[in-house]
Amino acid sequence: MYSASASPTDEVLFEMRNRVGIITLNRPKVLNSLNTNMVKAIYSQLKEWERKCTLVIVQGAGDKAFCAGGDVVFATSNKEAGKDFFRHEYKMNYLIGTYRIPYISLLDGVTMGGGVGISVHGPYRVATEKTLFAMPETTIGLFPDVGGSYFLPRLDGRLGLFCALSGYRLQGIDVVKAGVATHYVSSSDIPKLINKLVETDPDYIGEFLNSFALDLSKRRFTLDGFYTVITNCFGVESVEGILHELWKDGTEFAKSVAQEIQHQSPISLKITHKQLALGARLGLKECLQMEYRLACAALDKKVSHDFYEGVRALLIDKDRSPKWDPATLDEVSDEMVNQCFQRLPESEELDI
C-alpha cells in the first residue's frame, strides 16, 4: 500500500507505505523550521495514523537539518499568533510523548529547539554523524521549551541543566552518549533504514534497530573527561552559584562554559534553572502546561522584553549584540521569575 499527501502549503509531506506513516519536514531552505500550519497538520495526521498505521517515521528534507526549531521570528511578529503557535506545538509534543504506536525520528542533521520537541519524546531517536543537537533558547531570551523541562532533568547527572544554561552543542555519537538519541547509523544508510523499517514487524522495531545501528559501546563520550566539573558546578542552587563554581574551577573547559552562560539573557537563565528543577518532579503534561505559561509571559513581556530582543539580535538584525533587560543576574529578582510561572486564567491554560 502506498499513498502520499501534503499539508496545504507543502511544508510538510505525508506518505504511507505498508501501513507505515512517513512525515517529511519540507522547508530545507530554513532548516525545516516548524510553523503553525506544519504543527497543526502533523498533529491531525498523527491522530489519524494512530488508528491506521503500525509505525510512524519523521525525517527532514535536504541534507543539512532534521529540524532547526520553531519559527520564532514569526512568533514574535504577532503576540497572539505566537501564542497560537506554541499552543499547537506543545499539543503536538504531548501527542508524540503519549503515542500508542512506535514513533521513530531520524535526526540526520541540525536538531535544535522545536526539532528536539518533535523527536525526543518518542521512543526511538536515530542520530548520524551529521546530527547537531542543542537547546539554545537562552541565547534568544527564551527558555528550553517543547518539553525541555521534562527531558533535560532526566539526562544523566547535571548534563541537562548544563546543556540548557549554556546551549552546548552535542554532535554525532555524543548525541547518543548523552541519552538524547537512542541509536546511531551512518547518514548514507538512512534510505536503507527506512526501507527496512517499512518491512519490519512493528513488534520487533526495537530489536531491528539494535541490530541495524552501530555499536558505540567502545566509543568515548566527548564530555566524559568533564563530568566531574559539570556535576560539581551545576549541582548548586542558583545560576550565580553555578558561575561562581565554574570560575573557581578554573579549567579551560569551565571558563569557556562560564563565558558562554554570561552571554545569555539573565532572566532566561534564572527561569530555566527553576523550570528544570520543577520539571524533574512533574509529568510531561504538567511540564508543557508550565512552559506554555512561560511562553505567554515572554510574549506578553510580563517582566522583560528579552525574547523579542534576542530574536532581533540573533535572527533579524543579526548583530549578535542583544541589550538584555534586566542586564545582570543581580537585577533579576525571585519575584520577577515567579511572576512568569503564575497560572493563566482557566480559559487560557494549555488544554492537552
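This one's a predicted model, so the numbers in the text were calculated from it and none came from an experiment.

Enquirer: Explanation requested: helix H6 (residues 159-166) in the structure shown.
Expert: Since the α-helix packs 3.6 residues into each turn, any two residues three or four apart lie on the same face. Counting buried positions over the eight residues of H6 gives eight, a clear majority of the element. Where H6 is concerned, the buried positions are Leu-159, Gly-160, Leu-161, Phe-162, Cys-163, Ala-164, Leu-165 and Ser-166. Where the residues of H6 are buried, they touch strand E10 (170-171), helix H10 (227-233), helix H11 (239-249), helix H12 (252-262) and helix H13 (266-279). Just past H6, the residue Gly-167 takes up positive phi, approximately 70 degrees.

Enquirer: Which parts of the structure should I look at to understand the pairing of strand E8 (residues 124-127)?
Expert: Regular strands show a simple pattern: their side chains alternate between the two faces of the sheet. Across the two faces of E8 the burial is the same, with Tyr-124 and Val-126 and Arg-125 and Ala-127 all buried. Relative to E8, strand E6 (residues 103-107) runs parallel, the two sharing four bridges. When the sheet's bridge partners are listed, Ser-105 is paired in E8 with Arg-125.

Enquirer: Would you take a moment to explain the UniProt feature "domain: Enoyl-CoA hydratase/isomerase" (unreviewed entry) in the protein chain for this structure?
Expert: With numbering aligned to this structure, UniProt lists the feature "domain: Enoyl-CoA hydratase/isomerase" (unreviewed entry) at residues 20-341. Span residues 20-341 is 49% helix and 11% strand, its end C-alpha atoms 40 Å apart.

Enquirer: Whenever I open this one, the environment of Leu-55 confuses me. Can you help?
Expert: Locating Leu-55 in the fold gives a position in strand E4 (residues 55-60). Using a relative accessible area of 1% as the deciding quantity, one classes Leu-55 as buried. Leaving out residues up to four positions away in the same chain, Leu-55 has contacts with Arg-19, Val-20, Gly-21, Ile-101, Pro-102, Tyr-103, Ile-104, Leu-197 and Ile-205.

Enquirer: I would appreciate a short explanation of the nonpolar core in the present structure.
Expert: Nonpolar side chains in soluble globular proteins tend to be buried together. By size, the foremost hydrophobic cluster in this structure holds 98 residues, and its most contacted members are Leu-25 and Phe-234. Ranked by residue count, the leading element in this core is helix H14 (residues 284-299), at 10 residues. Not counting residues within four places of it along the chain, the set of residues in contact with Phe-234 comprises Arg-158, Leu-161, Phe-162, Leu-165, Val-229, Ile-242, Leu-246, Val-257 and Ile-261. Grouped together as the second largest cluster of nonpolar side chains are 19 residues, Ile-104, Val-126, Leu-193 and Phe-212 included.

What counts, and where the lines are drawn
Residues numbered from 1 in each chain as written. Predicted model: local features only at pLDDT ≥ 70, side-chain atom pairs only at ≥ 80, totals over all residues. Heavy atoms only, no water. Buried < 20%, exposed > 50% of the residue type's maximum accessible area, 1.4 Å probe, protein only. Helix = DSSP H or I, 4+ residues; strand = E, 2+ residues; numbered from the N terminus. Contact = heavy atoms within 4.5 Å. Pairing = 2+ DSSP bridges. UniProt positions renumbered as here; feature names shortened; annotations may be inferred. Core = buried A, V, L, I, M, F, W, Y, C linked by side-chain atoms within 4.5 Å.

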